[in-house]
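# Descriptive structure summary
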Amino acid sequence: MKDLPASKRLIVNDLLFADYKCPLSHSRFDMWTHHNYFVYVMKGKKKWFAGDKEVIAGEGDCIFVKKGAHSIYQYFDDEFCSLFMFVPDHFIKETVISNRIEISVNDREYYPAPILRVQNNEILQSYFLSFLSYISTSGQPDAKLAELKFRELIMIVATMRENAAVALYFHELCNRSRPPLQSVMESNFTYPMKLEEYARLSGRSLSLFKRDFKKIYNTTPGRWLTRKRIEYGRYLLQKTDKSVTEAALDCGLKNHSHFSRAFKDQYGISPVEAKKTSEQNL
């Protein structure tokens, strides 16, 4: 395989795109997307996390990130080079259904984690190397052939027994008209998105989102989000070595004063007092 440039992008029909790059950015950045994506790491490592779920991906690793909000930590020990492949829900669904891919499921309710490690094998490794060779050619490849390369990835992962968690998410997309609202909220509550963005991630209009939310949680989205974030902030203060400022940032209340006021309203003590209490009990 010939060397790739520092950055190379392939766009297919304005819906699918792959991005190969070797970026050097901030130590942490937050992002959210309406497209799921695969990451194949060529060099270096980064950490992806959403809520209390985190995955570190290093050279040769592959992960699948569900659409929604998450954060990425950059390690500066080595240059980071990766291939990002973005795939929308409808493309995954169409690929699985049109190719009659059978996915084994059980009867229990299952909400896959927002970030999933993809078990790499020789087939998947060969696929990524061939895709990198494919996009390294000069000019824009044929759109139909490029689309088939994306479908190939979905089919490989969906039929690998080692990647049952990712396959189950594919199954969920094929059998639900919209994502479970609980799954959307539990995966994304730590990110200060607007309610319209939460509604869009859940496949609902804003009015339907609010009605369904009330039925499920018996409160408003705003109240639930504040309570949930403060609960998570308290967990971080008590169970980790994070400072009050770090806890406020990680739980989604980036305004330190807002976090402190809401924390005291909910628990009757300040975050600083809660941190000191937990340290004394160690």
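Residues numbered from 1 in each chain as written. Predicted model: local features only at pLDDT ≥ 70, side-chain atom pairs only at ≥ 80, totals over all residues. Heavy atoms only, no water.

## Here we look at the overall build of the protein
In terms of regular secondary structure, the protein is built from 11 helices and 10 strands. Per-residue burial over the protein gives 48% buried out of 282 residues. Residue pairs at least 24 apart in sequence account for 72% of intrachain contacts in the protein once pairs closer than 6 positions are excluded. Total accessible area on the protein is roughly 14600 Å²; 49% of this is exposed by carbon and sulfur atoms. (Helix = DSSP H or I, 4+ residues; strand = E, 2+ residues; numbered from the N terminus. Buried < 20%, exposed > 50% of the residue type's maximum accessible area, 1.4 Å probe, protein only. Contact = heavy atoms within 4.5 Å. Areas by Shrake-Rupley, 256 points an atom, 1.4 Å probe, with all protein chains shown as cover.)

## Looking at the sheet that holds strand 8 (residues 68-74)
Reading across the sheet, the four strands line up as 3-8-5-6 and stay open at both edges, with antiparallel pairing between neighbours. Edge strands, defined here as strands with exactly one partner in the open sheet, are strand 3 (28-33) and strand 6 (53-58). Pairs of neighbouring strands in the sheet enclose a mean axial angle of 25 degrees, with direction left out of account. Bridge count for strand 3 against strand 8 is six bridges, and the pairing is antiparallel. By the bridge assignment for strand 8, M31 is matched with H70. (Pairing = 2+ DSSP bridges. Axes fitted to C-alpha atoms, helices over the stretch in contact; angles between N-to-C directions.)

## Section: the packing of aromatic side chains
Scanning the model with the defined rule gives 22 aromatic pairs in all. Three or more aromatic residues joined by ring pairs make a cluster, and in this case those are F189, F209, F213, Y217, W224, Y232 and Y235. Cation over ring: K228 sits above F189, and NZ or CZ is 5.5 Å from the ring centre. Taking the ring centre of Y267 as reference, the NZ or CZ of R234 above it sits at 4.2 Å. (Phe/Tyr/Trp six-rings, centres within 6.5 Å; stacked < 30°, edge-to-face > 60°. Lys NZ or Arg CZ within 6 Å of the ring centre and 35° of its normal.)

## Digging into the confidence of the model for the protein
Per-residue confidence for the protein averages 84 on the pLDDT scale, and 88% of its residues sit at or above 70. Per-element mean pLDDT across the protein ranges from 70 in strand 2 (residues 16-21) up to 95 in helix 7 (residues 206-217). Segment residues 1-6 is flagged for pLDDT under 50; beyond a separation of four residues in sequence, or across chains, it makes 14 contacts in the model. (pLDDT = per-residue confidence, 0-100.)

## Things to note about helix 4 (residues 164-175)
Relative to the 16 Å expected for 12 residues at 1.5 Å per residue, helix 4 spans 16 Å between its end C-alpha atoms, a close match to the ideal helical length. Among the structural elements, strand 4 (36-43), strand 7 (62-65), helix 1 (89-98), strand 10 (115-118) and helix 3 (143-158) are those in contact with the buried residues of helix 4. (Expected span 1.5 Å × (residues − 1).)

## A few points about the pattern of salt bridges
Applying the stated criterion to the full structure yields nine salt bridges. Salt-bridge contacts for E54 lead to K47; the nearest nitrogen and oxygen are separated by 3.9 Å. The closest approach of N and O atoms between E94 and R151, which form a salt bridge, is 2.7 Å. A residue pair is termed long-range when its members are at least 10 positions apart, and E94 in helix 1 and R151 in helix 3 qualify at 57 residues. (Salt bridge = Lys/Arg side-chain N within 4 Å of Asp/Glu carboxyl O.)

## Description of the layout of surface pockets
Where empty space is left can be seen by rolling a probe of water-molecule size over the atoms. Volume-wise, the largest pocket comes out at about 320 Å³. As for the largest pocket, its lining consists of 24 residues, and the residues nearest its centre are K67, D89, Y169, L173 and P179. Taken together, the elements giving at least two residues each to the lining of the largest pocket come down to strand 8, helix 1, helix 4 and helix 5 (181-188). With four residues, helix 5 is the largest single contributor of residues to the lining of the largest pocket. (1 Å grid on protein atoms, 1.4 Å probe; cavity = no way out; pocket = protein on both sides within 12 Å on 5 of 7 lines; lining within 4 Å. Points joined across faces, edges and corners; volume = space filled by probe spheres on them.)

## Considering the nonpolar core
Residues Y37, W48, I63, M185 and F259 are the most contacted members of the largest nonpolar core, which totals 42 residues. Per-element accounting of this core gives the leading share, six residues, to helix 8 (residues 221-239). Core analysis: the next-biggest nonpolar cluster, separate from the first, contains 38 residues, C62, I154, M160 and V166 among them. (Core = buried A, V, L, I, M, F, W, Y, C linked by side-chain atoms within 4.5 Å.)

## Considering the packing of helix 1 against helix 3
Helices that pack against each other are described as a pair by the angle of their axes relative to one another and the distance between those axes. Their axes nearest at 10 Å, the elements helix 1 and helix 3 cross at an angle of 75 degrees. In terms of orientation, helix 1 and helix 3 fall into the roughly perpendicular class. Between helix 1 and helix 3, the residues in contact are F91, I92, E94, T95 and V96 and E147, F150, R151, I154 and M155, respectively. For the contact of helix 1 with helix 3, the per-class residue count stands at six nonpolar, one polar and three charged. (Parallel < 35°, antiparallel > 145°, perpendicular 65-115°, else oblique. Nonpolar A, V, L, I, M, F, W, Y, C, P; charged D, E, K, R; others polar.)

## Some details on the packing of helix 5 against helix 7
One way to put it is that helix 5 packs onto helix 7 with a least axis distance of 11 Å and a crossing angle of 90 degrees. As summarised for this structure, helix 5 and helix 7 are arranged roughly perpendicular, according to the angle between their axes. Taken together, the residues of helix 7 that come into contact with helix 5 (itself represented by L181, Q182, M185 and E186) are F209, D212, F213, I216 and Y217. Grouping the amino acids of the contact of helix 5 with helix 7 by side-chain chemistry returns six nonpolar, one polar and two charged.

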